[in-house]
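# Chain and residue survey
For reference, the chains in residue letters:
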Amino acid sequence: MTSRSKEKVAAAFRKLFRSPEKLDNEAAGPSGSPARRGLFRRHRDGVSPAEAAVSLPSSPASSNLSKKKAGCANEVRERAAGVRTRRLMKELKEIQRLQEHRPNPVFTVELVNDNLFEWHVRLHQIDPESDLASDLREMSIPNILLHLIFPENFPFAPPFMRVIEPRIEKGFVMEGGAICMELLTPRGWASAYTVEAVVMQFAASVVKGQGRVVRAPARSSREFSRRRAEEAFRSLVKTHDKYGWVTPSLSDG
């Protein structure tokens, strides 16, 4: 091998084993900037997935689709709110009309803090031959006070209803005043049901289940509250969804 050939081979080896710093400097050239050197290094080493994701601009079509979905959801909520309001206004006016024209109505309604979506219903009449009616007369209790809360998707979902007072045992009345009726669950509810139908179903159920007024609640008994009622109702719905329901029909009342 000639001396010239040896020099060529040595030059090739030096070029092959040059350090990354020298490669960067050469890539930048005499007028190269740090930014250009960094760009060369990133292209050489590769760009991380996170960097690639950040560098990608959002698609106008994707942004428009998200806005459209949000707009549709708001429109659905507004329509549902309108349906609930119109339905409850209609029912309230009809009940008030009947209250005015009947000297002894079966039940009466009043709004809770003027809230159209939360009602107090006072049940004045149940089967006079029942033990529960006897308890009410003996204890001079004029009516059974019920609390109804109407969800946002009413009338396509049932109201939540519980007994506030007096404290009742049996009669399909659960802890906290929750009421065990399939009609009050999504499975048993129909949008055609009215508040009157719900109240009359309760009047039939509480008598059919031999409900009685609790005379002296034990100190160890659990609180009779909305929170306890909601917990009890969720539990009984799970149980009855698994094993089925048995409640009296409206004709029994």
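Look a little higher up for the structure.
Cut-offs applied
Residues numbered from 1 in each chain as written. Predicted model: local features only at pLDDT ≥ 70, side-chain atom pairs only at ≥ 80, totals over all residues. Heavy atoms only, no water. Phe/Tyr/Trp six-rings, centres within 6.5 Å; stacked < 30°, edge-to-face > 60°. Helix = DSSP H or I, 4+ residues; strand = E, 2+ residues; numbered from the N terminus. Buried < 20%, exposed > 50% of the residue type's maximum accessible area, 1.4 Å probe, protein only. Lys NZ or Arg CZ within 6 Å of the ring centre and 35° of its normal. Pairing = 2+ DSSP bridges. Axes fitted to C-alpha atoms, helices over the stretch in contact; angles between N-to-C directions. Contact = heavy atoms within 4.5 Å. Salt bridge = Lys/Arg side-chain N within 4 Å of Asp/Glu carboxyl O.

Taken as a whole, this structure holds five aromatic pairs when the rule is applied. Ring centres of Trp 119 and Phe 150 lie 5.0 Å apart, and the angle between their planes is 65 degrees; this geometry places the pair in the edge-to-face category. In this pair, Trp 119 is assigned in strand β2 (residues 115-123) and Phe 150 in the loop between β3 (144-149) and β4 (160-165), connecting sequence segments 31 residues apart. Residue classification places Trp 119 among the buried positions, given a relative accessible area of 0%. Phe 150 sits in the buried class, given a relative accessible area of 3%. When the centroid spacing of 6.1 Å and the interplanar angle of 45 degrees are considered together, the rings of Phe 154 and Trp 189 count as tilted. Taken as a pair, Phe 154 in the loop between β3 and β4 and Trp 189 in the loop between β5 (168-169) and α7 (195-208) lie far apart in primary sequence, 35 residues in all. A residue is classified by how much of its surface remains accessible, and Trp 189, at 10% relative accessible area, is buried. Feature note: the residues Trp 119, Phe 150, Phe 154, Trp 189 and Tyr 193 constitute an aromatic cluster, connected by ring pairs. Directly above the aromatic system of Phe 117 lies the positively charged group of Arg 84, at a separation of 3.5 Å from the ring centroid.

Let us now look at the environment of Cys 180. As for its placement among the helices and strands, Cys 180 is situated in the loop between β5 and α7. With a relative accessible area of 6%, Cys 180 lands in the buried category. Between the C-alpha atom of Cys 180 and that of Ala 232, which follows or precedes it by 52 residues, the distance is 9.3 Å.

For the rest of this paragraph, the subject is the sheet that holds strand β1 (residues 107-112). Spatially, the four strands line up as an open sheet ordered β1-β2-β3-β4, and their pairing is antiparallel. Edge strands, defined here as strands with exactly one partner in the open sheet, are β1 and β4. Looking at each pair of strands side by side, their axes are set apart by 30 degrees on average, direction ignored. Where α7 meets the sheet, it contacts β1, β2, β3 and β4, and its direction lies at approximately 35 degrees from that of β2.

In total, this model carries 12 salt bridges according to the counting rule given. The shortest N-O distance in the salt bridge between Arg 97 and Glu 94 comes to 2.7 Å. In this pair, Arg 97 and Glu 94 are both assigned in helix α5 (residues 60-101), three residues apart and thus about one turn of the helix distant. Residue Arg 97 is classed as partly exposed on the basis of its relative accessible area of 39%. Take Glu 94: its relative accessible area is 37%, and that puts it in the partly exposed class. Connected through shared salt-bridge partners, Asp 131, Asp 135, Glu 138, Arg 212 and Arg 215 make up one network.

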